[in-house]
Amino acid sequence: MNIFFKILLLIFLILKTSNSFSEENKIKIGILAPLSGENAELGQQIVNSIRMALIEISDNKIEVYPKDTKSDPNITLRSAKNLEQLGVSLVIGPVFHKNLLYLNEVENITFLSLTNKTLDLPKNVISSGINATSQLNTIKKFLELNKIKKSIFLVPNRNYDLEVEKGIKKSKLKFFKQYYYDIEPTKLTKQIEEITNYEIRKQNLLDEILRIENSDRPNKDREVEKLKKKYTLGSLPFDSVIIADFDESLKSVITSLLYTDVSPKEKYIITFNQWFDESLLKETSAQPIYYPSINKKNLDDFISKFSSKFNYKPNHISLLSYDLIGLIYYLSLKNNLLEINKSFKTKNTFKGKIGIFEIKDNKINHQLNFYEINKGELKEIFWFFWMQ
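Enquirer: Any chance you could break down the side chain of Thr69 for me, citing the residues and the numbers?
Expert: Within the secondary structure, Thr69 sits in the loop between strand 2 (62–68) and helix 3 (73–85). Not counting residues within four places of it along the chain, the set of residues in contact with Thr69 comprises Leu32, Ala33, Pro34, Ile75, Thr76 and Asn99.

Enquirer: Which residues make up the environment of Asn369, and what are the values?
Expert: Note that Asn369 resides in strand 14 (residues 369–374). Sequence-wise, Asn369 and Thr138 are 231 residues apart; in three dimensions their C-alpha atoms are separated by 7.4 Å. Within the structure, Asn369 has its side chain in polar contact with the side chain of Tyr371 (distance 3.3 Å). Here the side chain of Asn369 touches Glu380 through a polar contact of 3.1 Å, side chain to side chain.

Enquirer: Give a detailed account of unusual backbone geometry, specifying residues and quantitative values.
Expert: Of note, the bond from Gly93 into Pro94 is cis; its omega dihedral lies within 30 degrees of zero at 0°. Among the structural elements, Pro94 can be located in the loop between strand 3 (90–92) and strand 4 (110–113). With an omega of 10°, the peptide bond between Gln287 and Pro288 qualifies as cis. Along the chain, Pro288 falls in the loop between strand 9 (268–271) and strand 10 (289–293). Although it is not a glycine, Lys172 adopts a positive phi angle of roughly 60°.

Enquirer: Outline the pairing of strand 1 (residues 27–33), supporting the account with residue identities and numerical values.
Expert: Burial analysis of strand 1 places 6 of its 7 residues in the buried class, the great majority of the element. When strand 1 meets strand 2, the two strands line up parallel, connected through 7 bridges. From the neighbouring strand, Leu32 faces strand 2, where its bridge partner is Lys67. Note on the crossover from strand 1 through helix 2 (residues 40–57) to strand 2: the handedness is right-handed. In this structure, strand 1 lies alongside strand 3, joined through 3 bridges in parallel fashion. Pairing of Ile31 across the sheet is with Ile92, part of strand 3.

Enquirer: Explain the packing of aromatic side chains to me, and be specific about the residues and the numbers.
Expert: The tally for this structure, following the rule as stated, stands at 17 aromatic pairs. Their ring planes at 35° and their centres at 6.3 Å tell us that Tyr291 and Tyr371 sit as a pair that is tilted. One end of the pair, Tyr291, is in strand 10; the other, Tyr371, is in strand 14, and 80 residues separate them in sequence. Residue classification places Tyr291 among the buried residues on the basis of a relative accessible area of 1%.

Enquirer: Report on the environment of Phe302, specifying residues and quantitative values.
Expert: Along the chain, Phe302 turns up in helix 10 (residues 296–310). Along the primary structure Phe302 and Asn336 are separated by 34 residues, whereas in three dimensions their C-alpha atoms are 28 Å apart. Setting aside its immediate chain neighbours within four residues, Phe302 contacts Ser49, Met52, Pro314, Ser318, Leu319 and Tyr322.

Enquirer: Explain the packing of helix 2 against helix 10 to me, using residue names and the numbers behind them.
Expert: Viewed as axis vectors pointing N to C, helix 2 and helix 10 meet at an angle of 100°, and their least axial separation amounts to 11 Å. Regarding the angle of helix 2 to helix 10, the classification is roughly perpendicular. The residues of helix 10 that touch helix 2, namely those facing Gln45, Asn48, Ser49, Met52, Ile55 and Glu56, are Phe302, Lys305, Phe306, Lys309 and Phe310. Tallied by class, residues from the contact of helix 2 with helix 10 come to 5 nonpolar, 3 polar and 3 charged.

What counts and what doesn't
Residues numbered from 1 in each chain as written. Predicted model: local features only at pLDDT ≥ 70, side-chain atom pairs only at ≥ 80, totals over all residues. Heavy atoms only, no water. Helix = DSSP H or I, 4+ residues; strand = E, 2+ residues; numbered from the N terminus. Contact = heavy atoms within 4.5 Å. Polar contact = N/O pair within 3.5 Å; in protein donor to acceptor, adjacent residues only side chain to side chain. Buried < 20%, exposed > 50% of the residue type's maximum accessible area, 1.4 Å probe, protein only. Pairing = 2+ DSSP bridges. Right-handed = clockwise from strand over helix to strand, strands pointing away. Phe/Tyr/Trp six-rings, centres within 6.5 Å; stacked < 30°, edge-to-face > 60°. Axes fitted to C-alpha atoms, helices over the stretch in contact; angles between N-to-C directions. Parallel < 35°, antiparallel > 145°, perpendicular 65-115°, else oblique. Nonpolar A, V, L, I, M, F, W, Y, C, P; charged D, E, K, R; others polar.

So, in structure tokens, the structure goes:
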């Protein structure tokens, strides 16, 4: 054979072997997100966040394969099976808990779901959202630091009350009393009145005014005038109120507490992660308010980069997917794909943009920061990892 053709053949074999080795070492990551339907905007944000992470990583080792779920469990299953046929064994998504329903049928894939719900998870699904346990662990730390001994826990009659119950059990949070309330405003106010003994405290005030008016005390007019500026009389048997609610429903609860003369300046008002809801900054009469959340500076940096690249502001869920790609790449530097999958099924602790998080029992528990809203401003009280 001509030496020239021998050299060409040798080069061809080397390139073929090199390409084959390169393909074998690529990490295929599936994405299950709602790319059409009512949640398509969120799905596209997730895909864009992952693309942004890959650009920053600047390593073609990772290949992503987006598939549509249409927020439907059956379509999610079909897309998952398509990913399995492509040789994918690790998937970011789905977003919603309801779409996990049939994923136990795809045993060869580990799903890093973006849901924060942890009940009834298939064995091959890991919940990566900010779950109730993570939030209650941080609230517990705040209570301990401030020596708050008597808390009442208010939980709405919604479909996540069992998640809250599980979080209470896992965090071993102790509280004075727990109440479930109706989210309908009229019923809610009545329930808060009963919880805070409002009518009794109101009557105490009227009785005290009458008693002083009928007395021979020399300064009774001044005392009565002072009492008439109050709304109730009598102490409350708790130091803080923990409210497992969000958005307008949360505001309704706080408004009912204010109506029943429970002052945030005298009793701690603590709630769940509000994702830095700016509307709460305007509720000055309801402040101070306390809640756990992720690292705000990192979130702001992510939003700024995303907005600059795609010309719109992302949902906070996008940061979860961005963080997960970074974590997968970090693990890939030291492990093969099989070992990466195992890393998500054994106890591990990692650091991401959201903060420190621990993988355990098919869920990711986040070590969150703690924030105070007071006088219209947001202030970081502590960050959990530093407090360990």
